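Secondary and tertiary structure notes
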There are 2 protein chains.
Amino acid sequence: MYKLSIDAMSGDLGSSIVVDACLSFIKSHDDVELYVTGKPEELEKLNVEHIHIVEARDTIPMDAGIMSVRRKKDSSMVKAVTLANEGTTDGVVSCGSTGAFYTSAMLFMKRIEGIEKSCLMAILPTYNEKGVMLLDVGANAENTPEQLHDFALMGHVYAKYMRGITSPQIALLNIGSESKKGDEVHQKAYQLLAQDESIHFIGNIEGRDILDGDADVVVSDGFSGNIALKCCEGTAITLMKLMKESLMTSLKSKIGALFVKDSLYALKDRFDYKSVGGALMMGFIKPVVKAHGASDAKAFGNAMELAYQMVKNDVVGKLKEGLKG
Amino acid sequence: MYKLSIDAMSGDLGSSIVVDACLSFIKSHDDVELYVTGKPEELEKLNVEHIHIVEARDTIPMDAGIMSVRRKKDSSMVKAVTLANEGTTDGVVSCGSTGAFYTSAMLFMKRIEGIEKSCLMAILPTYNEKGVMLLDVGANAENTPEQLHDFALMGHVYAKYMRGITSPQIALLNIGSESKKGDEVHQKAYQLLAQDESIHFIGNIEGRDILDGDADVVVSDGFSGNIALKCCEGTAITLMKLMKESLMTSLKSKIGALFVKDSLYALKDRFDYKSVGGALMMGFIKPVVKAHGASDAKAFGNAMELAYQMVKNDVVGKLKEGLKG
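Residues numbered from 1 in each chain as written. Chains lettered and ligands numbered in written order. Predicted model: local features only at pLDDT ≥ 70, side-chain atom pairs only at ≥ 80, totals over all residues. Heavy atoms only, no water.

**Considerations on the interface of chain B and chain A**
The line we're drawing: Should any heavy atoms of two residues lie within 4.5 Å, those residues are counted as being in contact. Once two parts are put together, the accessible area they lose, assessed with a 1.4 Å probe and summed over both, is termed the buried area. For this analysis, a salt bridge means a side-chain nitrogen from Lys or Arg found within 4 Å of a carboxyl oxygen belonging to Asp or Glu. Counting of polar contacts relies on pairs of N or O atoms within 3.5 Å, with two restrictions inside protein: one atom must be capable of donating a hydrogen and the other of accepting it, and residues adjacent in sequence are counted only when both atoms are side-chain atoms. Each helix is a run of H or I in the DSSP string that is no shorter than four residues. Each strand is a run of E no shorter than two, and both are numbered from the N terminus. Here the nonpolar group is Ala, Val, Leu, Ile, Met, Phe, Trp, Tyr, Cys and Pro; Asp, Glu, Lys and Arg are the charged ones; every other residue, Gly included, is treated as polar.
Tallying the contact residues gives 54 residues for chain B and 54 residues for chain A. Together chain B and chain A conceal approximately 4700 Å² of surface at their shared face, both sides included; 71% is due to carbon and sulfur atoms. Inspection of the region where chain B meets chain A yields six salt bridges. Salt-bridge contacts for E206 of chain A lead to K230 of chain B; the nearest nitrogen and oxygen are separated by 2.1 Å. Taken together, the connections running from chain B to chain A amount to ten residue pairs in polar contact (both at pLDDT 80 or more). Mapped by element, the contributors of at least two residues to the side of chain B that touches chain A are α5 (184-195), α6 (222-246) and α7 (251-270) of chain B. In terms of residue count, α6 of chain B provides more of the side of chain B that touches chain A than any other element does, 21 residues in total. Of the residues belonging to the side of chain B that touches chain A, the class tally is 25 nonpolar, 16 polar and 13 charged.

Below is the structure:
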């Protein structure tokens, strides 16, 4: 049986969507046991086979400062993380705040041996519909070349075993294509990536080309990766708003809008960074999956499915092997 | 008389568009003299009052490596820069490659005293139509807190005297809003900006919010500024392409497209990073203005107008005063 710990309490929408997601997940997966942390009185519906309720009376609210995590050892979030760290479960899912959840993992879960820094990974929509993985998107404010190399290995393993890409194309986010571009950290990272024969390094990539989808994995330091992610997100949001408004400017465009709205809505959904979903936390000894804060039961279920697949495909084990090779 | 040096030879489209732009500029500005560098046999139409032809037999092609600039002292670009540096002219315009033009300025023009590093500035379209200035967008691969402070001063002066913003709102590009966010460089830059009472510092800004237009000037190190600019650009290009395609997916959307295309084209023009135009090179003792490589005569004329306004408004002098204060 695969075992997941589930933080039932930390989301914006309360525990009921998590309860629904858990019940429906257990129904469709007969090889899974869930350890759900939270207030038992809110989780009574979960008194069913294959679900264990783990009492946690404290909650980390969405707007909590990340430093408060330290004092919240009895919270549903920290308990869920701890269960995975101790080996009671094989992975952990929460829809709490990204900062608090990442901090919980940093404080209460070990890193994979050989990985100096954990990181956050996001998957961005691309022109060619393949999507592109970007990491680190902000767990670190600065990184060494060796850490960037670790990010590449983590991206490689995830792309290969979770996204089924046989030989993932890995690029380094930089300010020009030549190997000598960027600061010393990125120049040295370029060399490390180019020398590693276990990955398929395709060179530097500029911000302009990330969404083309030619690279499967884009490696970046946490500072510029965060800025890259948020600039893509901000531009998409701005353009979609303006597009909507521009269709309302004249009678003619309003008429046209009736015909084109389905097509444009589909595009909007694709570039909706909310639905792009939770960032993944990479580098820990167990899969740590964040569902979006405003998750409904379906979105939470998707996050559980992702954690389940990561456990089943032994992504962490594959990464350990890769680090040895 | 205000005097501008004009590089006639370095653009993709040859000297003829520059010749046209010069003739038309002289007609509409009776307080300007032009010093046009290039091959006299291509510039014969410029034998008119207020235009001086300065022979330069060499050309720096658009695809030239920036290192080749060093060996191209007889090029139209370097000569145009040198004329401004020596004081023969008050500013310089070229539509050559950004890299080569910036390198020419670095090598052959002095920096303003008190400015440690020159930089590249771009103006991005925003939701609120005001536009936002972003600097540095890639002249430097890394910067010190003091250099970021200089960028803020340059942005402040430009916004105030060229864009007519009485008290420009200045933000620091970072990975979170709190003053302690980011690496040491950005934390220290935050302090410097917050302490400087001559500017209106509004705090950190995240990538997601740049295009809102709440900040007039966004200050960044060259590395993350370059990534920010190019991610915004790449996302806009990708979305516009997908929008166009999505309107062609069904008969219904094709019909609608006939009605909405004017509105959407207007939006596309606004976010066309080509028409956003040349980056400005800041920190030199004379205005250095780059027209877009594929400029037509009109675009080149706009770049000349910008240089002329910078000279007339004495942007460099204002900056020197600001540095003293």
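**Quick word on the packing of helix α2 (residues 76-86) of chain B against helix α3 (residues 98-108) of chain B**
Residues and elements named next belong to chain B. Convention followed: Note on method: axes are straight lines fitted to C-alpha atoms, helices fitted across the in-contact stretch only, with angles between N-to-C directions ranging 0 to 180 degrees. Orientation is classified from the angle alone, with under 35 degrees giving roughly parallel, over 145 giving roughly antiparallel, 65 to 115 giving roughly perpendicular, and any other angle giving oblique. Two helices crossing with the near one rotated counterclockwise from the far one by less than a right angle form a left-handed crossing, whereas a clockwise rotation gives a right-handed crossing.
Taken N-terminus to C-terminus, the directions of α2 and α3 make an angle of 40°; their axes are 9 Å apart at the nearest point. Considered as vectors, α2 and α3 are oriented oblique to each other. For α2 against α3, the interelement crossing comes out right-handed. Seen from α2, the contacting residues are M77, V78, V81, T82 and N85; seen from α3, they are A100, F101, S104, A105 and F108.

**Looking at the side chain of T238 of chain A**
The condition that has to hold: Exposure classes here rest on a 1.4 Å probe applied to the protein chains alone. A residue is buried below 20% of its type maximum, exposed above 50%, and partly exposed in between.
Here T238 of chain A lies in helix α6 (residues 222-246). Residue classification places T238 of chain A among the buried residues on the basis of a relative accessible area of 2%. Looking at T238 of chain A, its side chain comes within polar contact range of the main-chain oxygen of G234 of chain A, at 2.7 Å. When neighbours within four sequence positions are excluded, T238 of chain A is seen to be in contact with Y127, L211 and F271 of chain B.

**Focus on the pairing of strand β6 (residues 132-135) of chain A**
Residue and element names in this part refer to chain A. To keep things clear, this is the line we draw: For two strands to pair, DSSP has to find at least two bridges joining them.
On β6, burial covers both faces: V132 and L134 on one face and M133 and L135 on the other are all buried. Relative to β6, strand β5 (residues 119-124) is paired through four bridges, and the arrangement is antiparallel. Paired with A122 across the bridge in β6 is L134. In the sheet, β6 pairs with strand β9 (residues 217-219) via three bridges, with the strands oriented parallel. Across the sheet, L134 pairs through a bridge with V218, a residue of β9.

**Some remarks on the sheet that holds strand β9 (residues 217-219) of chain B**
Residues and elements named next belong to chain B. Strands sit in the order β3-β2-β1-β4-β11-β10-β5-β6-β9-β7-β8 across an open sheet of eleven strands; the sheet is mixed. Two strands in the sheet have a free side with no partner beyond their single neighbour: β3 (51-55) and β8 (200-205). Averaged over all neighbouring strand pairs, the angle between strand axes comes to 25°, with direction disregarded. Sheet topology places strand β7 (residues 169-173) next to β8; five bridges connect them, and they run parallel.

**Some points on the pattern of salt bridges**
Side chains that carry opposite charge are capable of pairing whenever their charged atoms lie near each other. By the definition in use, this model includes 20 salt bridges over all chains. A salt bridge links E233 of chain A to R208 of chain B, with the shortest nitrogen-to-oxygen separation between them at 3.0 Å. Separated into two different chains, E233 of chain A in helix α6 and R208 of chain B in the loop between β8 and β9 make up a pair that spans both. Assessed through its relative accessible area of 14%, E233 of chain A is described here as buried. Its relative accessible area of 30% is what places R208 of chain B among the partly exposed residues. D20 of chain B is paired through a salt bridge with K45 of chain B; the nearest N and O atoms lie 3.7 Å apart. Taken together, the positions of D20 of chain B in helix α1 (residues 16-28) and K45 of chain B in the loop between β2 (32-38) and β3 put the pair 25 residues apart, joining distant regions of the chain. A relative accessible area of 37% places D20 of chain B in the partly exposed class.

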